[in-house]
Amino acid sequence: MPIRKYNPTSPGVRGKTSLTFDEITTNEPHGPLTVGQAAAMERKPGAYRFEAQTNGNIAAVEVSGDPTVVDTSLSPPPQFDFSKLKVSVEKLTWPQNEPALLQINSQLPKGGALDVGGTVVLKPVKADLRVRLKDADLAAYQRYIPISAPLAGRAETDLAVVVSMDGALRATANGRASASRVALGPPKEPVVSIEQANVTTIDVRWPTQIKIGRVQVRKPSALIERNKDGTMPLRAMLAAPSS
């Protein structure tokens, strides 16, 4: 594997060398790695860049591109087109003697942005992350929300998330979330609408508890009707869709 030498433009790079990774870097995806049991990712030719630098026992890896993710666990499988995805990992060593630094940024399907940053330990697996969503389109994730009626709105979150896997998967999340311009039902005549909803002091300890400290709702509206047979259309709209 060729070795790249750097010009001594500063004291920090004087005598620095790195591996080029030409033999293992490609713009074409390796087929077995692109399809999993739960999801598949379409990697578009030329859309990805893989870089790795070594300096002593410290490595940095960066991958960027515009992937399409297909969730094959649902039928028909939903498709999500991400853009400007960038995943970077620093202080990646083996054996690992300190947490690696992880940063993920992406534009989300149908608008919005995702920003994830924090540390990751591989053994035992533990991630300590800050997860922020900005202006995410709720309609893009309708398939994962257990209601039958069409849903519209924008969401934002700012959560401190800790995930560990030492035998069993455990996760905690603390922070806040908000939603704006929420509408449930036909787009032109929604049955339920909320201009703004804010949820603060979220405390989730998966899988045992979910606590919410305060919910603030501004300008809620709901149309509640009752049919002659006693059924309520709103109740049916809030029910989970039939499989």
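Anything mentioned here points back to the structure above.
Participant: Before we move on, could you go through the overall build of the protein and cite the residues and values that matter?
Facilitator: What the protein contains, in helices and strands, is 1 helix and 15 strands. Expressed as a percentage of the 243 residues in the protein, the buried residues total 28%. In the protein, once contacts between residues fewer than 6 apart in sequence are set aside, the share between residues at least 24 apart is 41%. In the structure as shown, the protein presents an accessible area of about 16200 Å², 57% of it carried by carbon and sulfur atoms.

Participant: Could you give me a rundown of a nonpolar patch on the surface, with the residues and numbers involved?
Facilitator: A grouping of I210, I212, V215 and V217 is seen on the molecular surface, where their side chains present a nonpolar patch of about 370 Å² in accessible area. Of note, I210 is situated in strand β15 (residues 209-222). Residue I210 is classed as exposed on the basis of its relative accessible area of 58%.

Participant: Could you give me a rundown of the nonpolar core, with the residues and numbers involved?
Facilitator: The biggest cluster of nonpolar side chains holds 11 residues, and these are L138, I147, A149, L151, A155, A179, V182, L184, V191, L234 and M237. For this core, the elements supplying multiple residues, two or more each, are β12 (151-166), β13 (168-184) and α1 (233-238). Sorting elements by how many residues they give to this core places β13 first, with 3 residues. Other than its neighbours up to four places away in sequence, L234 contacts V191, V192 and I224.

Participant: Could you give me a rundown of the packing of aromatic side chains, with the residues and numbers involved?
Facilitator: To describe a pair of aromatic rings, you give the distance between the ring centres and the angle between the ring planes. Taken as a whole, this structure holds 2 aromatic pairs when the rule is applied. Through successive ring pairs, a cluster of aromatic residues spans F80, Y141 and Y144.

Participant: Can you explain the environment of G167? Please cite residues and give values.
Facilitator: Its location among the elements puts G167 in the loop between β12 and β13. Residue classification places G167 among the exposed positions, given a relative accessible area of 80%. C-alpha of G167 to C-alpha of V125: the two residues are 42 residues apart in sequence and 9.7 Å apart in space.

Participant: Describe the pattern of salt bridges, and please don't skip the residues or the numbers.
Facilitator: Two side chains of opposite charge can pair, provided their charged atoms sit close to one another. This structure, assessed with the given rule, holds 9 salt bridges. Measuring nitrogen to oxygen at the nearest pair gives 3.5 Å for the salt bridge that ties D137 to R154. Highlighted residues: D137 in strand β11 (residues 125-137) and R154 in strand β12, separated in sequence by 17 residues. For D137, a relative accessible area of 12% gives the class buried. Relative accessible area serves as the criterion here: at 16%, R154 is assigned to the buried category. Across the pair R205 and D203 runs a salt bridge, and its minimum N-O distance is 3.5 Å. For D203, a relative accessible area of 16% puts it in the buried group. Connected via shared salt-bridge partners are D135, D137 and R154.

Participant: Kindly report on the pairing of β11, identifying the contributing residues and their values.
Facilitator: Within a regular strand, side chains alternate between the sheet's two faces. Pairing analysis gives 10 bridges linking strand β10 (residues 113-122) to β11, with the strands arranged antiparallel. Looking at the pairing, V121 lines up with K126 of β11. The hairpin turn running from β10 into β11, its antiparallel successor, is 2 residues long. Strand direction decides the pairing type here: β11 and β12, joined by 11 bridges, are antiparallel. The residue bridging D137 from the neighbouring strand is R154, located in β12.

Participant: Could you give an account of unusual backbone geometry, naming the residues involved and the relevant values?
Facilitator: Looking along the chain, the bond that leaves S75 and enters P76 is cis, with omega of -5°. Relative to the elements of secondary structure, P76 occurs in the loop between β6 (68-71) and β7 (79-81). For the bond from K123 to P124, the omega torsion is -10°, close enough to zero to count as cis. The residue P124 is located in the loop between β10 and β11 in this model. In this structure, D135 is a non-glycine residue whose phi angle is positive, near 55°. For D135, a relative accessible area of 33% corresponds to the partly exposed category.

Participant: Go over the side chain of D158 with me, naming the residues and quoting the values.
Facilitator: Its place among the elements puts D158 in strand β12. Residue classification places D158 among the buried positions, given a relative accessible area of 17%. Polar contacts involving the side chain of D158 include one to the side chain of R130, which spans 2.7 Å. If near-sequence neighbours (up to four positions away) are discounted, D158 is found in contact with R130, V131, R132, N174, G175 and R176.

Criteria and thresholds
Residues numbered from 1 in each chain as written. Predicted model: local features only at pLDDT ≥ 70, side-chain atom pairs only at ≥ 80, totals over all residues. Heavy atoms only, no water. Helix = DSSP H or I, 4+ residues; strand = E, 2+ residues; numbered from the N terminus. Buried < 20%, exposed > 50% of the residue type's maximum accessible area, 1.4 Å probe, protein only. Contact = heavy atoms within 4.5 Å. Areas by Shrake-Rupley, 256 points an atom, 1.4 Å probe, with all protein chains shown as cover. Patch = residues over 30% accessible without salt bridge, like charges linked within 9 Å, V, L, I, M, F, W, Y side chains within 5 Å. Salt bridge = Lys/Arg side-chain N within 4 Å of Asp/Glu carboxyl O. Core = buried A, V, L, I, M, F, W, Y, C linked by side-chain atoms within 4.5 Å. Phe/Tyr/Trp six-rings, centres within 6.5 Å; stacked < 30°, edge-to-face > 60°. Pairing = 2+ DSSP bridges. Polar contact = N/O pair within 3.5 Å; in protein donor to acceptor, adjacent residues only side chain to side chain.

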